[in-house]
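Below, each chain spelled out in residue letters.
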Amino acid sequence: MGVYDYHHDSGRSDRPGEPRLYEKQPEITEENPYKAYVEVQADFSKEGKLTPLVIVWEDGRRYRIDRILRMDRRASLKAGGAGIRYLCMVGGNQISLYYEENGLWFVERKYVRSDHSSY
């Protein structure tokens, strides 16, 4: 074993078959049945504030966000994952919508996912 020189690293592995350094490896995780990744239409203000406007569910149904009650950094204990949580009112119901650091949006399902997922 040699000494690794952090100052002279080119990002390449000298050994064939080994991944390149800094190469993003996909995480292998079990899908959480309470976590649903969704498409979100959002608006950025000129000050850089991100405001979600519409949630597009997995089957294409669209839900307009009536009001944002609270915005904070939080972990989802039910669905797993963390990010900026938007506590929203959608059709008279409170919905926790999360924006993860990887740029993806998810909501906590009310029911366990089955073959035909329900909101």
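See above for the structure.
Note that the structure is a prediction, hence the values are computed from the model and not measured.

Peer 1: Describe the overall build of the protein chain, with residues and values.
Peer 2: Counting its secondary structure elements, the protein chain contains 0 helices and 7 strands. Walking the protein chain from its N terminus toward its C terminus, one meets helices and strands in the order β-β-β-β-β-β-β. Within the span of the protein chain, comprising 119 residues, buried residues form 26% of the whole. Roughly 9200 Å² of accessible area belongs to the protein chain as shown, and the carbon and sulfur atoms make up 50% of that amount.

Peer 1: So, the nonpolar core: which residues are in play, and what are the values?
Peer 2: Counting 14 residues, the largest nonpolar core has V38, L97, W105 and V107 as its most contacted members. For this core, the elements supplying multiple residues, two or more each, are β1 (35–44), β2 (50–56), β5 (82–90), β6 (93–99) and β7 (105–108). Among all residues touching V38, those that are not within four sequence positions of it are I55, V56, W57, L97, W105, F106 and V107.

The rules behind these values
- Residues numbered from 1 in each chain as written.
- Predicted model: local features only at pLDDT ≥ 70, side-chain atom pairs only at ≥ 80, totals over all residues.
- Heavy atoms only, no water.
- Helix = DSSP H or I, 4+ residues; strand = E, 2+ residues; numbered from the N terminus.
- Buried < 20%, exposed > 50% of the residue type's maximum accessible area, 1.4 Å probe, protein only.
- Areas by Shrake-Rupley, 256 points an atom, 1.4 Å probe, with all protein chains shown as cover.
- Core = buried A, V, L, I, M, F, W, Y, C linked by side-chain atoms within 4.5 Å.
- Contact = heavy atoms within 4.5 Å.

Nothing here speaks to function; it is all geometry.
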